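Chain by chain, the residues:
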Amino acid sequence: MAARLLRWYDAHGRNDLPWQHPRTPYRVWLSEVMLQQTQVGTVIPYFLRFLEKFKSLSELAAAPLDDVLALWSGLGYYSRARNLHRAAQLCMTQHAGELPRDFDALAALPGLGRSTAAAILAQAHGQRCAILDGNVKRVLTRLHGIRGWPGTAAVEKTLWKCAEMHTPHERLADYTQAIMDLGATACARSKPRCAQCPLAGDCVAHRDGLTALLPERKPARALPTRSTVMLVLRDGSGRVLLQRRPPTGVWAQLWSLPEADDVAAARREVLLAHATNEIEFHPLQPFTHTFSHYRLDVTPLAARVESPRRIADGAEQRWLSPVDASQLGLPAPVRKLIESLDKES
């Protein structure tokens, strides 16, 4: 299986990805973290900008978290950025400024785990380590005709055994990239191109007409809906008030707009903190943002605060122009909302 896959990779694989030239541990690590739940085409520009700013692990470790989150803004799953930053700092204090080459030590770093650590060691050091990301799960599930949702412990255990069985003893970096490439291209989730797959002759799903059914999807669950009011407060100079999110929860430690449970609560908070006279709210276009575990209905309300004397810039809140605000780590829908302010003005 590995020999056929490597022949396919030499002819059709992705050999010009920016983290492959050179394949340093730092570059591979950064790419693997960015590629968690994100496609290659989306990751490449973020990877290049990130590497231009933080050329080494030591530079990343020394950077303020705000700078890291700002470069990550729009890529989503922000815990990856926080874990990346924390892992870099741990490498500086516990591993002599390098990513450890020991599997257990590497997998123990924040944001890594078994498959990501294996991908780093295989690609950067040529170690024989099996990987099992989403693309690989799809390839192996179809190849062996494995039923059940891959997220269950029993199915995942079976998939790990298959992954370890197929992992060769040579060309580990190329094999690791090859099996990920196969899942991302020929063995895609929808409309797989089985005629172009080097493993089609042995594929149970292809043989039995099960490619549309395997891997089995996660059992459907209705997403709950929550609601919030976002306050777009601007002072006499047109600056916007931003607040840092709490250290845990959704959008943790990113900068965002103040929020309230409803319009009445928003009015009370604005009057208490920012003015002594009545505040006039101007409704902006509402929108819905979908997270992995719930939907958030957002009602944005704009208001002018001429004398924000009780709110000064600090570690947790700032008055910034929309242009300056865009340089911070902002959730994607908040960034879009703030960028629309200048257009409206």
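Look up a bit, the structure's there.
Counting restarts for each chain: residues are numbered from 1 in the order of the written sequence. Owing to the predicted nature of the model, reporting of local features is limited to residues with pLDDT of at least 70; listing and counting of side-chain atom pairs is limited to 80 or more, with chain, interface and lining totals taken over all residues. Side-chain metrics in this entry use all non-hydrogen atoms of the structure; hydrogen atoms and water are not considered.

## Points about the overall build of the chain
Along the chain, the regular secondary structure elements total 15 helices and eight strands. Its C-alpha atoms give the chain principal-axis dimensions of roughly 75 × 50 × 35 Å. Summary of the burial criterion: residues with accessible area below 20% of their type's maximum are buried, those above 50% are exposed, and those between are partly exposed, where the area comes from a 1.4 Å probe applied to protein chains only. Relative to its full complement of 345 residues, the chain shows a buried share of 49%. Whether two residues are in contact is decided by their heavy atoms: any pair within 4.5 Å suffices. For the chain, long-range pairs separated by at least 24 residues make up 65% of all intrachain contacts whose partners lie at least 6 apart in sequence. Surface summary for the chain: the accessible area is close to 17000 Å², and the carbon and sulfur share equals 51%. Charged side chains in the chain number 43 positive and 34 negative. The centres of these two groups are separated by 5 Å. Helix and strand definitions here come from DSSP, where helices need a minimum of 4 consecutive H or I residues and strands a minimum of 2 consecutive E residues; each element is numbered from the N-terminal end. Here the accessible surface of atoms and residues is derived via Shrake-Rupley with a 1.4 Å probe, and residues count as covered only by protein chains that are part of the display. Residues counted as positive are Lys and Arg, residues counted as negative are Asp and Glu, and His and the chain ends are not counted. Charge coordinates come from a single atom per side chain, which is NZ of Lys, CZ of Arg, CG of Asp or CD of Glu.

## Structural notes on the side chain of Q123
Considering the arrangement of structural elements, one finds Q123 in helix α8 (residues 114-125). Look at Q123 and you get buried, because its relative accessible area is 4%. The definition of a polar contact used here is a pair of N or O atoms within 3.5 Å, where within protein one atom must be able to donate a hydrogen and the other to accept one, and adjacent residues in sequence count solely through side-chain atom pairs. Separated by 2.9 Å, the side chains of Q123 and E32 make a polar contact. Ignoring sequence-local partners within four residues, the contact set of Q123 consists of R23, V28, E32, A173, T176, Q177 and M180.

## Topic: the pattern of salt bridges
A side-chain nitrogen of Lys or Arg and a carboxyl oxygen of Asp or Glu constitute a salt bridge if their distance falls within 4 Å. Summed over the entire model, instances satisfying the criterion amount to 14 salt bridges. Among the salt bridges present, the one from D174 reaches R171, with a minimum N-O distance of 2.9 Å.

## Side note on helix α1 (residues 2-12)
Along α1, the positions that sit buried rather than exposed are A2, L5, L6, W8 and Y9. Looking straight down α1, one finds that the buried residues subtend no more than 160° of arc, so they occupy a single side. The exposed set on the far side of α1, more than 90 degrees from its buried face, consists of R7 and A11. Residues of α1 that are buried sit in contact with α10 (153-166) and α11 (172-184). Arc definition: it is the arc formed by the directions from the helix axis to the C-beta atoms.

## Notes on the packing of α1 against α11
It is the contact of α1 with α11, at a shortest axis distance of 9 Å, that shows an interaxial angle of 80°. On the basis of the axis angle, α1 is roughly perpendicular to α11. On the side of α1, the interface is formed by A2, L5, L6, W8 and Y9, while α11 contributes D174, Y175, Q177, A178, I179, D181 and L182. Basically, the charged four are Asp, Glu, Lys and Arg, the nonpolar ten are Ala, Val, Leu, Ile, Met, Phe, Trp, Tyr, Cys and Pro, and anything else, Gly included, counts as polar. Of the residues that constitute the contact of α1 with α11, the class distribution is nine nonpolar, one polar and two charged. Only the stretch in contact is used when a helix axis is fitted, and all axes are lines through C-alpha atoms; the angle between N-to-C directions ranges over 0 to 180 degrees. Should an angle fall under 35 degrees it is called roughly parallel, over 145 degrees roughly antiparallel, and 65 to 115 degrees roughly perpendicular, with every other angle called oblique.

## As for the nonpolar core
In this description, a nonpolar core means a group of buried Ala, Val, Leu, Ile, Met, Phe, Trp, Tyr and Cys residues linked to one another through side-chain atoms lying within 4.5 Å. Judged by nonpolar contacts, the single largest core of 97 residues is most densely connected at W29 and L242. Excluding its chain neighbours within four sequence positions, the residues that come into contact with L242 are W255, S256, L257, E316, Q317, R318, L320, A325, L328, L330 and I338. Among the nonpolar cores identified, the runner-up in size contains 14 residues, and L233, L241, A260 and W319 belong to it.

## Here's the deal with the environment of H12
Along the chain, the position of H12 falls in helix α1. Placed 169 residues apart in sequence, H12 and D181 show a C-alpha to C-alpha distance of 9.0 Å.

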